[in-house]
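Survey of secondary and tertiary structure
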Amino acid sequence: MKPITWIPLIWGVVCGAAASGGYEWRFDHVLIAAACMLMSGPLLTGYTQTINDYYDREIDAINEPYRPIPSGAISLSQVQAQIWVLLLAGIAIAFGLDRWANHDFPIITALAIGGSFVSYIYSAPPLKLKQNGWLGNYALGASYIALPWWAGQALFGQLSWTIVVVTLVYSLAGLGIAVVNDFKSVEGDRALGLKSLPVSFGIQTASWICVLMIDLFQLAAAGYLVAIGQNLYAAILVLLIIPQITFQDMYFLRDPLGNDVKYQASAQPFLVLGMLVTALAIGHSTVATVF
């Protein structure tokens, strides 16, 4: 289930709650936010990671043979049971969140089911979106940024079409982050015909695509904050992009294969802080046009 991967989803819920303008520091809100984080992180992200490992067992046997499935530490029937338990538990909690929020339409349940479907087609044939570097990485980026944000915002406020568009654009920066993870798998991806960006464009070109996506779409978010009159938050977001550019030059662009982990550890805290800055700005604005 890879607990390290739960953190961005949990953070996305925090951002959605902040953007809603309706979250309050009281016991029931803290408890229900924790339930939304449990749904988004350990359960549905755990489901996503497990089903991905299930369908990637042949690639992992080449790239990372020590993982649980190719190493034989867990049987395929046990993996299948884990997939179903995580999926059904996540959807059940989503339904409970809708009941708590008194939604006429069960939007969080719909998001949970829709996101789980995207997770399935990302990993499973015949679609297997991850075979395409653009579609697969965008699906990943949107799932890590937009989906938990929508859940958090719908839970404590109103989810608008404006926010849907803004977060989907922001997710293009997430596409760049997702590409970083492809560099460690170039050998196996090439052997099995997966068209990741490093395989399709080469290491150096793909690294530039990666950093440009990360930087340009965060700058686009800053431009949006200026457009809604949140100039201070826009300035803070730009200041948070500067160290990311610095670490890109210091580590990633110089050696994408050797420094991918070091770059992520150095730069990603600034990216996720930028997400919260953007969410707080939206929470203090009057963005409307709700569903």
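This write-up is about the structure you can find in this document.

Cut-offs used in this document
Residues numbered from 1 in each chain as written. Predicted model: local features only at pLDDT ≥ 70, side-chain atom pairs only at ≥ 80, totals over all residues. Heavy atoms only, no water. Phe/Tyr/Trp six-rings, centres within 6.5 Å; stacked < 30°, edge-to-face > 60°. Lys NZ or Arg CZ within 6 Å of the ring centre and 35° of its normal. Helix = DSSP H or I, 4+ residues; strand = E, 2+ residues; numbered from the N terminus. Contact = heavy atoms within 4.5 Å. Patch = residues over 30% accessible without salt bridge, like charges linked within 9 Å, V, L, I, M, F, W, Y side chains within 5 Å. Areas by Shrake-Rupley, 256 points an atom, 1.4 Å probe, with all protein chains shown as cover. Salt bridge = Lys/Arg side-chain N within 4 Å of Asp/Glu carboxyl O.

1. Describing the packing of aromatic side chains
Using the criterion set out here, one finds 10 aromatic pairs in the structure. For the pair Tyr-54 and Tyr-55, a centre-to-centre distance of 5.0 Å together with 90° between the ring planes defines the contact as edge-to-face. Members of the aromatic cluster, each reached through a chain of ring pairs, are Tyr-23, Trp-25, Trp-100 and Phe-156. The ring of Tyr-54 carries Arg-57 above its face, with NZ or CZ at 4.6 Å from the centroid.

2. Topic: the environment of Asn-259
With respect to the secondary-structure elements, Asn-259 resides in helix α13 (residues 256–283). In sequence terms Asn-259 and Gln-248 are 11 residues apart; their C-alpha atoms lie 9.7 Å from each other. Filtering out sequence-adjacent residues up to four positions away, Asn-259 remains in contact with Tyr-251 and Phe-252.

3. Some words on a nonpolar patch on the surface
On the surface, Trp-208, Leu-212, Leu-216, Leu-219, Val-238, Leu-239 and Ile-242 cluster together to form a nonpolar patch covering roughly 640 Å² of accessible area. Looking at the nonpolar patch, the elements that each hand over two or more residues are α11 (203–227) and α12 (231–252). It is α11 that provides the largest number of residues to the nonpolar patch, a total of four residues. Looking at where Leu-216 falls in the secondary structure, it is placed in helix α11.

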